[in-house]
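Analysis of the macromolecular model
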Amino acid sequence: MPKNRPLILVTNDDGITAPGIRALIEVMNTLGDVCVVAPDSPQSGMGHAITINSTLYCDSLKVEKDAPQTEYSCSGTPVDCVKLAVNEILKRKPDLCVSGVNHGSNSSINVIYSGTMSAAVEAGTLGIPSIGFSLLDYNLEANFEPSKKFIRAIATQCLQNGLPKGVVLNVNIPKLNGDSIKGIKVCRQANAHWEEEFDKRMNPLGREYYWLTGKFVNEDKGEDTDEWALHNGYVSVVPVQFDLTAHHAIGDLNTWDLS
């Protein structure tokens, strides 16, 4: 742990007033000096999007009276928030970046769509130990109390031990009462996918529009996956790398005739 109180950057994709980020801020205030830079409105499913064709606004505000953290509301995406925080707002690089707590799962394939995880990944690319936290409850009235001790434990270990270069943590927490959560498991990402459908409708002016729907299909029966851990009452911790190279495929591709 740094000699002085660690500097912790907090962000999310559900918006700066979402209950999940307020719970995360509460825990982080016990571990260090907190700066919050988060979207001014929900940005779920934005992935690693950045704002390049319009202006960005970032305003200081006070969501909670007399709270110790500094807070900024950003008009951009979660990744924009991290970039602005590191390059414009903070006077030094944070010791830790935490993103969430997301309202809903970011396990398995969901990680690639997640604004929550993309914010953590962006911080990781800047050399900041980073964690994305998600609770498997989409309800805005979700109870985050059982999550707090696990969030604190994982964040504390991250501050004390750091993370391997190029790695961030994807943490998902089951929707259970605190006493029902069995513990924490370090896992791999389950091999799963979405079977998607589009609900086609017609608006009053006669123009077609679509709602994306579908179901989540987990074909991975392994007991070392995040999906297995969550379905069996454990908090899942998946180390995620942002080097997307499929190293195992390089040999095969080198056998191609590319002349």
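Above this text you will find the structure in question.
These remarks concern the structure in this document. (Residues numbered from 1 in each chain as written. Predicted model: local features only at pLDDT ≥ 70, side-chain atom pairs only at ≥ 80, totals over all residues. Heavy atoms only, no water.)

A few points about a nonpolar patch on the surface
Taken together, the side chains of Ile112, Tyr113 and Trp194 define a hydrophobic patch exposed on the protein surface, amounting to about 300 Å² of accessible area. By the element assignment, tryptophan 194 lies in strand S9 (residues 192-202). (Patch = residues over 30% accessible without salt bridge, like charges linked within 9 Å, V, L, I, M, F, W, Y side chains within 5 Å. Areas by Shrake-Rupley, 256 points an atom, 1.4 Å probe, with all protein chains shown as cover. Salt bridge = Lys/Arg side-chain N within 4 Å of Asp/Glu carboxyl O. Helix = DSSP H or I, 4+ residues; strand = E, 2+ residues; numbered from the N terminus.)

A look at helix H4 (residues 145-161)
Between its first and last C-alpha atoms H4 spans 25 Å; for 17 residues at 1.5 Å apiece the expected length is 24 Å, and the two agree. Within the sequence span of H4, burial applies to Pro146, Ser147, Lys148, Phe150, Ile151, Ile154, Ala155, Thr156, Cys158 and Leu159. Phi turns positive one or two residues past the end of H4, at glycine 162, with a value near 70°. (Expected span 1.5 Å × (residues − 1). Buried < 20%, exposed > 50% of the residue type's maximum accessible area, 1.4 Å probe, protein only.)

Observations concerning the side chain of histidine 103
Tracing the backbone shows histidine 103 in strand S5 (residues 96-103). The class of histidine 103 is buried, set by a relative accessible area of 7%. Polar side-chain contacts of histidine 103 include one of 3.4 Å to the backbone oxygen of asparagine 139. Once residues lying within four places of it in the same chain are set aside, the contact partners of histidine 103 are Asp14, Ala18, Pro19, Gly20, Leu135, Asp137, Tyr138, Asn139, Leu140 and Phe144. (Polar contact = N/O pair within 3.5 Å; in protein donor to acceptor, adjacent residues only side chain to side chain. Contact = heavy atoms within 4.5 Å.)

Re the packing of helix H1 (residues 19-28) against H4
Relative to each other, H1 and H4 sit at 50°, their axes nearing to 10 Å. In this view, H1 runs oblique relative to H4, as classed from their interaxial angle. In this structure, H1 meets H4 at a crossing whose hand is right-handed. Between H1 and H4, the contacting residues are Ala23, Leu24, Glu26, Val27 and Met28 on the first element and Lys148, Ile151, Arg152 and Ala155 on the second. Residue composition of the contact of H1 with H4, grouped by class: six nonpolar, no polar and three charged. (Axes fitted to C-alpha atoms, helices over the stretch in contact; angles between N-to-C directions. Parallel < 35°, antiparallel > 145°, perpendicular 65-115°, else oblique. Left-handed = near helix turned anticlockwise from the far one by under 90°. Nonpolar A, V, L, I, M, F, W, Y, C, P; charged D, E, K, R; others polar.)

Digging into the environment of aspartate 33
Mapped onto the elements, aspartate 33 comes out in strand S2 (residues 33-39). For aspartate 33, a relative accessible area of 41% gives the class partly exposed. In contact with aspartate 33, other than residues within four places in its own chain, are Arg5, Pro6, Leu7 and Ile8. At 3.1 Å, the side chain of aspartate 33 and the side chain of arginine 5 are in polar contact.

These figures capture arrangement, not role.
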